[in-house]
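Survey of secondary and tertiary structure
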Amino acid sequence: AKFRLSLVQFLVSPVKSENLNRACKLIKEAAQKGAQIVALPECFNSPYGTKYFPEYAEKIPGESTERLSQVAKECGIYLIGGSIPEEDSGKLYNTCAVFGPDGTLLVKHRKIHLFDIDVPGKIRFQESETLSPGDSFSVFETPYCKVGVGICYDIRFAELAQLYSKKGCQLLVYPGAFNMTTGPAHWELLQRARALDNQVYVATASPARDEKASYVAWGHSTIVSPWGEVIAKAGSEETVISADIDLEYLAEIREQIPIRRQRRHDLYSVEEKKN
């Protein structure tokens, strides 16, 4: 009924090979300490920025995902590979590849909601200048539970989490890189809201903060319980955080406050559109 989840928060450099080596080292450290599922940050192999995406983009499979596949197999873990800039048929995507304990690619999540914001005097960022959005939901099975995957800005859309919950997910993982404006204001709040709304565990893996970078990540990778309680949280520095995901506790919460049975499906619903 319990399994160990670890989030790798590390300092992303402009050198892809360094990022891959560092990520694999920290993944192995997490696995050696008992992690059964490990997650990396958004854009872990590349600086985060529209000018970097074309330069660092890869096919999948490619250099970065091959390394992730190898380390997942070596450690015998489920590995949620943060995200990388992916190139496919002339388009670029912000993509998370998930690997099983045998190194098999289980799911490829392309960020559905692109980060296009403009907060006057603070931050303007337009992922759509170079990226295309994904158009599919991403759920994978483990022996422990179903896991739903989103990337960063995806967490702001409550409907996605509701759909994952309807699909039977008990853990939602969002590799993300909130910034110094939205991070302090909304990072933890959004995670606690998604966890509480859906009575699921929610985890977010961020890059460590680099004050010299053109885009400064907030950090504070976090794991939240179905009660909305923060059970593990990083600071801004490079680190690995872990928590035990307790599915019996999740079941107790759902029984005590049975919102899943009490929803008024006769009045409202959130439905997946069938293409």
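Residues numbered from 1 in each chain as written. Predicted model: local features only at pLDDT ≥ 70, side-chain atom pairs only at ≥ 80, totals over all residues. Heavy atoms only, no water.

Attention now goes to the overall build of the chain. From N to C terminus, the chain includes seven helices and 15 strands. Scaling as 2.2 N^0.38, a compact globule of 275 residues should have a C-alpha radius of gyration of about 19 Å, and the chain matches this with 18 Å. Judged by the C-alpha coordinates and their principal axes, the chain covers about 50 × 45 × 40 Å. Taking all 275 residues of the chain together, 56% fall into the buried category. A total accessible area of about 12000 Å² is found for the chain, and carbon and sulfur atoms account for 49% of it. (Helix = DSSP H or I, 4+ residues; strand = E, 2+ residues; numbered from the N terminus. Rg over C-alpha atoms; globule rule 2.2 N^0.38 Å. Buried < 20%, exposed > 50% of the residue type's maximum accessible area, 1.4 Å probe, protein only. Areas by Shrake-Rupley, 256 points an atom, 1.4 Å probe, with all protein chains shown as cover.)

Once that is clear, we can look at the pattern of salt bridges. On inspection of all chains with the given rule, the structure shows 22 salt bridges. Glutamate 86 is the partner of arginine 110 in a salt bridge, and the nearest nitrogen-oxygen pair spans 2.9 Å. Of the two residues, arginine 110 sits in strand 6 (residues 105-110) while glutamate 86 sits in strand 4 (residues 84-88), which places them 24 residues apart along the sequence. Assigned by exposure class, arginine 110 and glutamate 86 land together as buried. Measuring nitrogen to oxygen at the nearest pair gives 2.7 Å for the salt bridge that ties aspartate 266 to arginine 264. Taking relative accessible area as the criterion, aspartate 266 reaches 57% and is therefore assigned exposed. Each member of the salt-bridge network shares a partner with another, and the members are Glu86, Asp88, Lys108 and Arg110. (Salt bridge = Lys/Arg side-chain N within 4 Å of Asp/Glu carboxyl O.)

Let us look at the state of the cysteines. Overall, the coordinates contain zero disulfides when judged by the stated rule. Unpaired in terms of disulfides, cysteine 96 finds its nearest cysteine sulfur in cysteine 43, a separation of 12 Å. (Disulfide = S-S within 2.5 Å.)

For the rest of this paragraph, the subject is the packing of aromatic side chains. Tallied over the full model, the rule gives 14 aromatic pairs. For the pair tyrosine 48 and phenylalanine 53, a centre-to-centre distance of 5.6 Å together with 70° between the ring planes defines the contact as edge-to-face. An identical accessibility class is assigned to tyrosine 48 and phenylalanine 53; each is buried. Ring plane angle 35° and centroid distance 5.5 Å describe the contact between phenylalanine 115 and phenylalanine 125, whose orientation is recorded as tilted. (Phe/Tyr/Trp six-rings, centres within 6.5 Å; stacked < 30°, edge-to-face > 60°.)

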